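Survey of secondary and tertiary structure
Read off the chains here:
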Amino acid sequence: MVQSAVSVHLVLTLSLIRVAKVFWAKDPQPDTERTDLSDDPEYKSRMLYSGNKNCTMTLKDMKLADAGFYHPRIVTDNAKEKWLGQPGLHLFITELSVWIPRPVVEGSEVKMRCNNSCSPAQKPTVIWRKNGVDVSGQQTKHDQLILGRVSVEDEGNYSCALKGFEGHPSKPVKLNTMFSPKNTIVYIMPADRIVKGRYVTLTCSSDANPPVQSYTWLKVNESTPVGSGQQYSITNISSEDEGLYYCEASNKYGAENSTVITITVEVDNTLMIYIVIGVSSGCGFLGLLCAGCFIRVRCRAEKSENTSRPSPHKMKPEESNRTDDCDYEDCTFDNTTDMDCVYQNFNPNTHGYDDDDEVYQNV
């Protein structure tokens, strides 16, 4: 087996012959001098002689090219006495390899085969491994591993080995499962609010092997697609763009639709808020101005009214030109012959009287 080692032992039963040298030759040709394998650059580093007279040969790291017939060569002290062991040892080299059919589609049956050069009569027991671990519970038949309804979970690196030579497995081969799109979903940006006049982008995501080959965008209640590609963008969005959207992802093995996503367009209330705040502020200032004007006018009116109305202790302005000596505000008469008068608020300075005039307040 490739990369394994083999030891060949020669048993000599000699009498009256003095052996000078024993070596091994591969596929010797008639009438040609046999070459010692230990002198061959292809074998020198991989072979080892041991035992009495080098009767045992060990060959390691074997290759396919090592297959063939190996003969012992016996040389005596008599140059004419040389023997070549016949028929020799026929060494078979087998290289294991895993064969997997292509393509492997999800849900189908797969039969993997462990290729080797052993004869059918030998029927070697094949051990299967996935990612270096023995496969258990799987159906096997001779050199085959059968997987019914293969899925993505069956993907991995498969190798095989022959029982008794478990340390020399084949090179691993990857099982790659093909499948149609699945887990198809739509993402929207912005994700919170969609404002009229803004920019909106829809993105479609899906798992597939081989990868998704085409994306188609559709809108519910519309007969034709609205876009294509993994992304679909709407600029200057308006209420006419409202509705239910979804995408279809497809490859050579099938297609899948995403769930629908709802687009609702809102009016930008930011400007309205600024307008309301501005109007409110303007009205508030105008209200304060109107109130101030009203208070001022009222105060002037009250002041004018107070000025034009006679005070209980002041003269009327129009009476300032009277020539009477006093203002008879309250006069009472009793049975006496004298009359008591009350003279009040008579300012001699305002009526042109001399300083000699007297002001009678209570008489």
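This write-up is about the structure you can find in this document. (Residues numbered from 1 in each chain as written. Predicted model: local features only at pLDDT ≥ 70, side-chain atom pairs only at ≥ 80, totals over all residues. Heavy atoms only, no water.)

**Considering the sheet that holds strand β12 (residues 133–134)**
- Read across the sheet, four strands follow the order β12-β11-β15-β16 without closing on themselves; strand pairing throughout is antiparallel. The open sheet terminates on both sides in strands that have one partner only, identified here as β12 and β16 (173–175).
- Alignment of strand β11 (residues 126–130) against strand β15 (residues 156–162), held across five bridges, turns out to be antiparallel. Directly across from Lys130, in β15, lies its bridge partner Tyr158. (Pairing = 2+ DSSP bridges. Helix = DSSP H or I, 4+ residues; strand = E, 2+ residues; numbered from the N terminus.)

**What to know about the pairing of strand β22 (residues 243–251)**
- Here strand β19 (residues 214–219) pairs with β22 via six bridges, running antiparallel. Note that in β22 the partner of Tyr215 across the bridge is Ala249.
- In this structure, β22 lies alongside strand β24 (residues 261–263), joined through three bridges in antiparallel fashion. Looking at β24, one finds that Tyr245 is bridged to Ile261.
- Across four bridges, the pairing between β22 and strand β23 (residues 254–257) is antiparallel. Directly across from Ala249, in β23, lies its bridge partner Glu256.
- Between β22 and the antiparallel strand that follows it, β23, lie two residues.

**Description of the nonpolar core**
- Membership of the largest hydrophobic core comes to 19 residues, with the highest contact counts inside it found for Ile188, Ile194, Leu202, Trp217, Ile237, Tyr245 and Ile263.
- When contributions to this core are tallied by element, the ones reaching two or more residues are β17 (177–189), β18 (200–209), β19, β21 (231–234), β22 and β24.
- Top contributing element to this core by residue count: β18, with four residues.
- Ignoring anything within four residues of it in the chain, the contact list for Ile194 reads Ile188, Val200, Ile237, Ile263, Thr264, Val265 and Glu266.
- Counting 16 residues, the second largest nonpolar core, distinct from the first, contains Val98, Ile100, Val104 and Met112. (Core = buried A, V, L, I, M, F, W, Y, C linked by side-chain atoms within 4.5 Å. Buried < 20%, exposed > 50% of the residue type's maximum accessible area, 1.4 Å probe, protein only. Contact = heavy atoms within 4.5 Å.)

**What to know about the packing of aromatic side chains**
- Summed over the entire model, instances satisfying the criterion amount to two aromatic pairs.
- Site record: aromatic cluster; members linked through ring pairs are Trp217, Tyr232 and Tyr245.
- One cation-aromatic arrangement involves Arg46 over Tyr43; the distance from NZ or CZ to the ring centre is 5.2 Å. (Phe/Tyr/Trp six-rings, centres within 6.5 Å; stacked < 30°, edge-to-face > 60°. Lys NZ or Arg CZ within 6 Å of the ring centre and 35° of its normal.)

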